[in-house]
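Below are the chains, spelled out letter by letter.
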Amino acid sequence: MALEHAILVSLLEKPGSGYELARRFERSIGYFWTATHQQIYRVLKRMEGDGLLAVREVAQEGRPDKKEYSVAGPGRAALSQWLHEPIEPESLRHDLAVKIRGAAFDNPAAVLHEVERHRRVHRDRLAHYLAGELRDFTGPAAPAPLDTGQELQHVVLRGGIAYERMTIAWLDDVLATIHRLSTGSPTTDDH
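Every value quoted in this text rests on a predicted model; they were computed, and no experiment measured them. (Residues numbered from 1 in each chain as written. Predicted model: local features only at pLDDT ≥ 70, side-chain atom pairs only at ≥ 80, totals over all residues. Heavy atoms only, no water.)

Undergrad: Please give an account of the overall build of the protein that cites residues and values.
TA: On a plain count of helices and strands, the protein comes out with 7 helices and 2 strands. Each helix and strand of the protein, placed in order from N terminus to C terminus, yields the pattern α-α-α-β-β-α-α-α-α. Its C-alpha atoms give the protein a radius of gyration of 22 Å, clearly above 16 Å, the size a compact globule of 191 residues would have. In terms of its C-alpha atoms, the protein occupies a principal-axis envelope of roughly 70 × 40 × 40 Å. Counting across all 191 residues of the protein, residues that qualify as buried make up 29%. Sequence-distant contacts, at least 24 apart, represent 55% of the contacts inside the protein between residues at least 6 apart. When the accessible area of the protein is evaluated, it comes to approximately 12900 Å², of which 55% is carbon and sulfur surface. Averaging the positions of the 24 positive and the 27 negative side-chain charges in the protein gives two centres separated by 4 Å. (Helix = DSSP H or I, 4+ residues; strand = E, 2+ residues; numbered from the N terminus. Rg over C-alpha atoms; globule rule 2.2 N^0.38 Å. Buried < 20%, exposed > 50% of the residue type's maximum accessible area, 1.4 Å probe, protein only. Contact = heavy atoms within 4.5 Å. Areas by Shrake-Rupley, 256 points an atom, 1.4 Å probe, with all protein chains shown as cover. Lys, Arg positive; Asp, Glu negative; His and termini not counted. Charge placed at Lys NZ, Arg CZ, Asp CG, Glu CD.)

Undergrad: Tell me what's going on with the packing of helix α5 (residues 95–102) against helix α7 (residues 148–182), and back it up with residues and numbers.
TA: Two quantities define a packed helix pair, namely the angle between the axes and the distance from one axis to the other. The contact between α5 and α7 brings their axes to 12 Å, and the two run at 15 degrees. What the angle tells us is that α5 and α7 run roughly parallel. By crossing handedness, the relation of α5 to α7 is classed as left-handed. Here L96, A97 and I100 of α5 come into contact with α7, specifically with W170, L171 and V174. By residue class, the composition of the contact of α5 with α7 is 6 nonpolar, no polar and no charged. (Axes fitted to C-alpha atoms, helices over the stretch in contact; angles between N-to-C directions. Parallel < 35°, antiparallel > 145°, perpendicular 65-115°, else oblique. Left-handed = near helix turned anticlockwise from the far one by under 90°. Nonpolar A, V, L, I, M, F, W, Y, C, P; charged D, E, K, R; others polar.)

Undergrad: I'd like to hear about α7, residue by residue, with values.
TA: Residues that lie three or four places apart on an α-helix share one face, since the helix turns once every 3.6 residues. Relative to the 51 Å expected for 35 residues at 1.5 Å per residue, α7 spans 51 Å between its end C-alpha atoms, a close match to the ideal helical length. On its buried face, α7 sits against α5 and α6 (112–138). Positive backbone phi, at 85 degrees, marks G184, one or two positions downstream of α7. (Expected span 1.5 Å × (residues − 1).)

Undergrad: Outline the side chain of E133, supporting the account with residue identities and numerical values.
TA: By the element assignment, E133 lies in helix α6. For the buried E133, no salt bridge exists, and the shortest N-O distance to an oppositely charged side chain is 5.6 Å, to R158. If sequence neighbours within four positions are ignored, E133 has contacts with T138, G139, H154, L157, R158 and I161. (Salt bridge = Lys/Arg side-chain N within 4 Å of Asp/Glu carboxyl O.)

Undergrad: Break down the pairing of strand β2 (residues 63–71) for me, with residues and values.
TA: Pairing between strand β1 (residues 53–60) and β2: 7 bridges, direction antiparallel. Bridge pairing links R56 to E68 in β2. In this structure, the hairpin formed by β1 and β2 is closed by a connection of 2 residues, where G62 is found at a positive phi of approximately 75 degrees. (Pairing = 2+ DSSP bridges.)

Undergrad: Describe in detail the nonpolar core, supporting the description with residues and values.
TA: By size, the foremost hydrophobic cluster in this structure holds 19 residues, and its most contacted members are I7, L11, L21, F25, L44, M47 and L53. At 5 residues, the largest contribution of residues to this core is made by helix α1 (residues 3–13). Look past the residues within four positions of M47 in its chain and what remains in contact with it is E4, I7, L8, L52 and L53. In this structure, L112, V174, L175 and I178 belong to the second largest nonpolar core, which totals 9 residues. (Core = buried A, V, L, I, M, F, W, Y, C linked by side-chain atoms within 4.5 Å.)

Written out as structure tokens, the structure reads:
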């Protein structure tokens, strides 16, 4: 997926400045597609030049004016075209998994701290997702019923929650295996 598509989706959900868009990437869409502030600003400028975005100057009190971006007709058409194109299923390229396999040729406990660190990151991300789900979709302040956009945002979030739970369960399995190997319990040697 090109960064342009992630920007189009985010701006269709809610127009905003480059700064606001970068913040959204940090808080929500960024868990599924990452980009630096510089990348976002560079792509926004190009998309504006290509006519995919409309821009309006917004006056701010005591601060310089800001540009607020929204999706123009050609941007909506580009997103529609992309939605109808097939994409390749993602492959799992996982550096940690290779590192864990490599530990068979050293001390398996050598990767213990790294696995624990990854587990903490995924635990924190899961907590963040669950808090967002409660705030935006399932809690007392959530709109009922959800509109189409909210339903689709929620199903993506549920996918993220399921992924984090699966990853934590896998990391727990890795940790249990490393601890078992460290205690010298017999295992089969089939690398």
